[in-house]
Amino acid sequence: MNMIYILFSLMFGGAILTFLAHKVSGLLRDILFVLTILASTVLFYTKIHTGDAVDFSISGLPLQWGINAYGRIFSLIVLGLGVMASFYSVSYMKGKERLGYFYFNFLISLISMMGILMSHDLVSFFIFWEMMTWSSYFIVIYNGKHVQRSGINYILFSALGAYAMLMAIVMVYAHTQSLMIQDMMQAFPFFPVAYKVWLPILFLTAFGVKAAMMPLHVWAPDAYSDSPMAYTSVFSGALSKMGIYGMIIVFVTMVNYLPDDTWFRETIAWLGAITAIMGTLWAIAQDDARKLLAWSSVAQLGYIITGVAVGTPLAMLSALFLSVMHALFKGTLFMAVGAIEKQTGTTKFNEVTGLIRKMPWTFISSLLAIIALAGIPPLGGFVGKWMLYESLINSNHYILVIAIFFASTSAFLYCYKFLFGFFLGQEEKEWEQVKEAPALMVLPMLIMATLLLVFGVFPGIVLNPIDLGMQTLGFSTTAGTFWSMSGLFNEWGNQVMLQPLVYAIGGTFLFFLILLTVKGFKETRYVTTKDISSSGEVPLEHENLTFSEGFYQPFLRAVWPVMKRRMMSYYQGFGQGMEAFFDYLRRVYSGNGQTYAIYVLVFVVILLLFKNSLFG
Amino acid sequence: MKEILYYTWGAIVSFVVAFSVGITYMGLNRKITARVQNRYGPPWYQNFIDVIKLSSKKTSIHHGVMQHMGPAFIMVTSVVSLLVIPILNGNKFFPNLNFQGDLIFLLYIMVFGPLGMALGAGQTGNPNSAIGVTRGLSQMAGFEIPWVMALVALMIQYKTTSIVDLMNVQVESGRWLMFSSPFAFLAAVMAMLGMFRYAPFDIVGAPQELASGPMSENGGKYLFVMMSAGSVFAFAKLTLYVDIFMGGADNLIILVVKTFALYLIPMLYGITSPRYRTEQSVRWFWGWPSFFGLLAILQAALF
């Protein structure tokens, strides 16, 4: 039997067994859950090689599953994050209800993501896509919080995307009589012009929903923040990347063949930039860490979309690299929020402060992830940002690069808010008893944060598989021209060599740290955060002077004109308009038998009156 | 090994130069401010005395590890940007790493330190520190826009992101970029007003209002390292401006003259100005400075 069948039966079997084991014992269920993901990861990377494929057919439809180098990049995200999140969720979900349901859907969404990456035909692609939507929907409503708002919004927009994709698939099949993605790619240059324009638009609608592209993003902040944090790390880190996966295919195989592709690329690139700016501004305005990270995910996906849409080899590299980095740092951050939620019971910045001494490991991993998110060297985020800017400048997108830069500079604001809100500020009696999260939750965060550091110094480790994947898509190799193991180059031949710079940073830091510590730390003693000189007054024990309410009010006042117009209000306006319209229609269909009798009567009278003119 | 020693030596020499020049500038600033306000003012070497005094003081309290590390973070920005910015034309006397980083790296390493220090300031629990930090970050989102616009304009005009290449362009043509790209220079100088945080953009430290903001809980060694980092960074920024817009410098004396001429701009503008509120400051940078930045990009793209 082929290994691909074994992989899928292993995952499906594991999911069902985990679900059933919930009835037997909690421990067995946890073990089965982790084992399923671990075993399928090991199987995938040891036994299934690039280029493997299986053909089969269901009721006459030829289908094909397989994996290529391009799908393998995303499989790194899905399975890597999946393994980390599985360990994390075992500890995070302990003591919650309906765990069989949660683990089952968790596994199904991992399976469907792998299925999307391994589908070589449009039918299985669509089926796996829907499975992914439904399994994530079930987890979004798992908590039972705001089911109306977050759940309905999510499923509504996903349905919109799915219909768009289904329409595109039907169009492709009508024209080529084949469902293979390969056939579609080869036939695309010969499609009629109307098809050439509509197919990418329809596909991009479907993928744009999952990637939370403006104006299809409105579901994302609620859905990300309402699902359990153990899953949100996968949701925002891996599941949204499926949108990027599809988008890249659309851009490489379809948009390239459009008669005039510039306007198309520019539109999507600008949509990405606007997504990044607005996502960032809204993230700054949030007082809840989950909401903040959710908006920040929307913004980060905006950068990636811009990179994909610009589409030069360097831009594509940066988009794929940022996808991997985003999975790592956003996974870490959502896990950190989950850890804090579990230990303190709240995720609001104005409720919990000063956790740095209680949860040091969570702090360190959040710190590294935040530095990567902000794009500050020497962590991985910088590499992606650098490549994105250079590619935009090299490809003459001057205003776009300013827009992206604005989003990325403003991101520092919410980055600081996250760290300050939870970990810094005055320590309070209320949170004195808080302990560090269990090791099973801390370890995945630490591992991912360390990876960010490693990839920041040696980006070649990640860029190598990305380069192989891009060659599958028809790009020529970029190794040596744009990157080496720890160096980055742009099209003009300028370079950033990361290793010497990182040594300089590390050396300087250590030198001054030692200088401070040798003379300073020994002779100083620790004093609490109440022992401060705020204008000569020392705050009392019960006085909390932490600054967390209206944190960025002045900044928000400055940008408010931009934020006044919300996409959600347009949708709501549309919804209200539709409601009013249907309310009007209800006057006709009043539900009253006598009214209907009159309608019939009037109809018959009309028929009789105009009998001659109608039927001659 | 020899290479590492060579660069370490270069780093130490440039650090010493930057430190003494930067501290002198700060002292001159105090003196000039005093003369403008019709006071006598401290001697120009007052800041040397202050720094020596601070470094010899005993620090007795700290608020935790992050606060302890804060000054080291801010020092990283100062030293690494000093290493990446070429001090003199042709890499003379001051061997540094400028061929291993470029302008975009520099832009990002410039925020590494302030963010690290902000974390240190946050741990002290002093509300003034956090207020100062939020103001500083907001203002940064403001002035980075014209500053990046100016840099992007230069990058696309000369098809390079490397500082050394921009310097070579000026040496070869014999024309300073401040004359050939005047709008970029205007936008960059206006952004510099925000970078130096003198009035009207002194909302971060905000004397008489925030009690020196993020610095407020630091004394002794911590303040010593912060002050030296500030001086070194000021010199590094001025050198960057000289490198990019004023043709670099062939020797130290020319460099000092040029940097001091540039330094007079934010200093004199500051002495004669009151203080903006945060949102006014942010919006100011998105107004005329960004307009000039836009003109600079247009000039670079069209001509």
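Residues numbered from 1 in each chain as written. Chains lettered and ligands numbered in written order. Predicted model: local features only at pLDDT ≥ 70, side-chain atom pairs only at ≥ 80, totals over all residues.

The next subject is the overall build of chain A. Scanning chain A from terminus to terminus reveals 23 helices and six strands. Whereas a compact globule of 616 residues would reach a radius of gyration of roughly 25 Å, chain A reaches 27 Å, a difference of no more than 12%. Each principal axis of the C-alpha atoms in chain A carries an extent, and together these give about 110 × 60 × 60 Å. Expressed as a percentage of the 616 residues in chain A, the buried residues total 53%. (Helix = DSSP H or I, 4+ residues; strand = E, 2+ residues; numbered from the N terminus. Rg over C-alpha atoms; globule rule 2.2 N^0.38 Å. Buried ≥ 20, exposed ≤ 12 C-beta atoms within 10 Å, placed from the backbone.)

For the rest of this paragraph, the subject is the overall build of chain B. Scanning chain B from terminus to terminus reveals twelve helices and one strand. When the helices and strands of chain B are read in sequence order from the N terminus, they spell out α-α-β-α-α-α-α-α-α-α-α-α-α. Relative to a compact globule of 303 residues, whose C-alpha radius of gyration would be 19 Å, chain B shows 19 Å and is just as compact. Once the C-alpha set of chain B is aligned to its principal axes, its extents read approximately 55 × 50 × 40 Å. The burial tally for chain B puts 59% of its 303 residues in the buried class. Long-range contacts, defined as pairs at least 24 residues apart, comprise 79% of the intrachain contacts of chain B with a sequence gap of at least 6. (Contact = placed C-beta atoms within 7 Å.)

Each partner contributes residues to the interface: chain A has 60 residues there, and chain B has 68 residues. A per-class count over the side of chain A that touches chain B returns 40 nonpolar, 14 polar and six charged. Here strand E6 (residues 525–526) of chain A pairs with strand E1 (residues 61–62) of chain B via two bridges, running parallel. Directly across from Arg 525 of chain A, in E1 of chain B, lies its bridge partner Ile 61 of chain B. (Nonpolar A, V, L, I, M, F, W, Y, C, P; charged D, E, K, R; others polar. Pairing = 2+ DSSP bridges.)

For the rest of this paragraph, the subject is the nonpolar core. The biggest cluster of nonpolar side chains holds 318 residues, and the ones touching the most others in it are Phe 321, Ile 404, Leu 419 and Leu 452 of chain A together with Ala 150, Ala 187 and Ala 188 of chain B. Excluding anything up to four places from it in sequence, Ala 150 of chain B contacts Ala 184, Ala 187, Ala 188, Ala 191, Gly 293 and Ala 296 of chain B. (Core = buried A, V, L, I, M, F, W, Y, C linked by C-beta atoms within 7 Å.)

The next thing to look at is the pairing of strand E2 (residues 61–66) of chain A. Regular strands have side chains that alternate between both faces of the sheet. Residues and elements named next belong to chain A. For strand E1 (residues 53–58) and E2, the ladder comprises six bridges, and the chain directions are antiparallel. When the sheet's bridge partners are listed, Ser 57 is paired in E2 with Pro 62. The antiparallel pairing of E1 with E2 creates a hairpin that spans two residues between the two strands, and Ser 59 there sits at a positive phi of about 40 degrees.

Across chain B, the average pLDDT comes to 86, with 98% of residues at or above 70. Across the interfaces of the predicted complex, the ipTM metric reaches 0.92, alongside a pTM of 0.91. (pLDDT = per-residue confidence, 0-100.)

As a further point, take the domain arrangement of chain A. Once the domains are mapped, chain A shows domain 1 (272–482) and domain 2 (566–615). One C-alpha centre belongs to domain 1 of chain A, the other to domain 2 of chain A; they are set 53 Å apart. (Domains from an automatic or database assignment.)

Time to look at unusual backbone geometry. Looking along the chain, the bond that leaves Met 214 of chain A and enters Pro 215 of chain A is cis, with omega of 0 degrees. Mapped onto the elements, Pro 215 of chain A comes out in the loop between helix H8 (193–210) and helix H9 (220–226). A cis amide bond, omega 10 degrees, links Pro 377 of chain A with the succeeding residue Pro 378 of chain A. Among the secondary structure elements, Pro 378 of chain A is positioned in the loop between helix H14 (360–374) and helix H15 (380–394). Unlike most non-glycine residues, Arg 197 of chain B shows phi in positive territory, near 55 degrees. In this fold, Arg 197 of chain B is placed in the loop between helix H8 (182–196) and helix H9 (220–245). By the C-beta count within 10 Å, which is 20 here, Arg 197 of chain B ends up buried.

Residue and element names in this part refer to chain A. Between its first and last C-alpha, helix H18 (residues 460–472) extends 18 Å over 13 residues, near the 18 Å set by a 1.5 Å rise per residue. Val 462, Leu 463, Ile 466, Asp 467, Gly 469 and Met 470 are the residues of H18 that are buried. The arc that holds the buried residues of H18, viewed along the axis, is 165 degrees, so those residues lie on one side. Looking at the residues trailing H18, positive phi occurs at Gly 474, about 100 degrees. (Expected span 1.5 Å × (residues − 1). Arc of directions from axis to C-beta.)

What follows concerns the sheet that holds strand E4 (residues 487–489) of chain A. With antiparallel pairing, three strands are arranged side by side in an open sheet as E3-E4-E5 (chain A). Strands with a single pairing partner mark the edges of an open sheet, and in this sheet they are strand E3 (483–484) and strand E5 (495–497) of chain A.

So, about the environment of Lys 47 of chain A. Positionally, Lys 47 of chain A belongs in helix H2 (residues 26–47). Here the alpha-carbon distance between Lys 47 of chain A and Met 3 of chain A, two residues 44 residues apart in the chain, equals 6.8 Å.

Further remarks concern the packing of helix H4 (residues 99–118) of chain A against helix H5 (residues 122–140) of chain A. Residues and elements named next belong to chain A. Where H4 meets H5, the axes come as close as 8 Å, and the angle between the chain directions of the two elements is 155 degrees. The orientation of H4 with respect to H5, classified from their angle, is roughly antiparallel. In this structure, H4 crosses over H5, and the sense of that crossing is left-handed. Of H5, the residues touching H4 (which contributes Phe 102, Asn 105, Phe 106, Ile 108, Ser 109, Ser 112, Met 113, Gly 115 and Ile 116) are Ser 124, Phe 125, Phe 128, Trp 129, Met 131, Met 132, Ser 135, Ser 136, Phe 138 and Ile 139. Of the residues belonging to the contact of H4 with H5, the class tally is twelve nonpolar, seven polar and no charged. (Axes fitted to C-alpha atoms, helices over the stretch in contact; angles between N-to-C directions. Parallel < 35°, antiparallel > 145°, perpendicular 65-115°, else oblique. Left-handed = near helix turned anticlockwise from the far one by under 90°.)

This next bit is on helix H5 (residues 127–158) of chain B. Count 3.6 residues to each turn of an α-helix, and residues three or four apart come out pointing the same way. Residues and elements named next belong to chain B. Its 32 residues place the ends of H5 46 Å apart at the C-alpha level, agreeing with the 46 Å of an ideal helix rising 1.5 Å per residue. Residue Glu 144 marks the point of greatest curvature in H5, where the axis turns by about 30 degrees; the proline Pro 146 follows within four residues. Of all 32 residues making up H5, 30 are buried, and the element is well covered by its neighbours. Two residues or fewer after H5 comes Lys 159, characterised by a positive phi angle close to 55 degrees. (Bend = angle between axes of the 7 residues up to and from the residue.)

Residues and elements named next belong to chain A. Relative to the assigned elements, Ile 77 resides in helix H3 (residues 69–92). Distance from Ile 77 to Leu 110, taken between C-alpha atoms, is 11 Å for residues 33 residues apart in sequence. The residues contacting Ile 77, other than those within four sequence positions of it, are Gly 237, Ala 238, Lys 241, Ser 323, Val 324 and Ala 327.

With that settled, consider the packing of helix H1 (residues 2–36) of chain B against helix H3 (residues 65–84) of chain B. Residues and elements named next belong to chain B. The N-to-C vectors of H1 and H3 enclose an angle of 110 degrees; their axes lie 10 Å apart at closest approach. Considering their axes alone, H1 and H3 lie roughly perpendicular with respect to each other. With respect to the hand of their crossing, H1 and H3 are arranged in right-handed fashion. On the side of H1, the interface is formed by Ala 11, Ser 14, Phe 15 and Ala 18, while H3 contributes Val 79, Leu 82 and Leu 83. Per-class residue counts for the contact of H1 with H3 are six nonpolar, one polar and no charged.

Once that is clear, we can look at the environment of Ala 597 of chain A. Residues and elements named next belong to chain A. By the element assignment, Ala 597 lies in helix H22 (residues 593–609). You can call Ala 597 exposed: it has 10 C-beta atoms within 10 Å. On a C-alpha basis, the gap between Ala 597 and Ala 159 in space is 38 Å, while along the polypeptide they are 438 residues apart.

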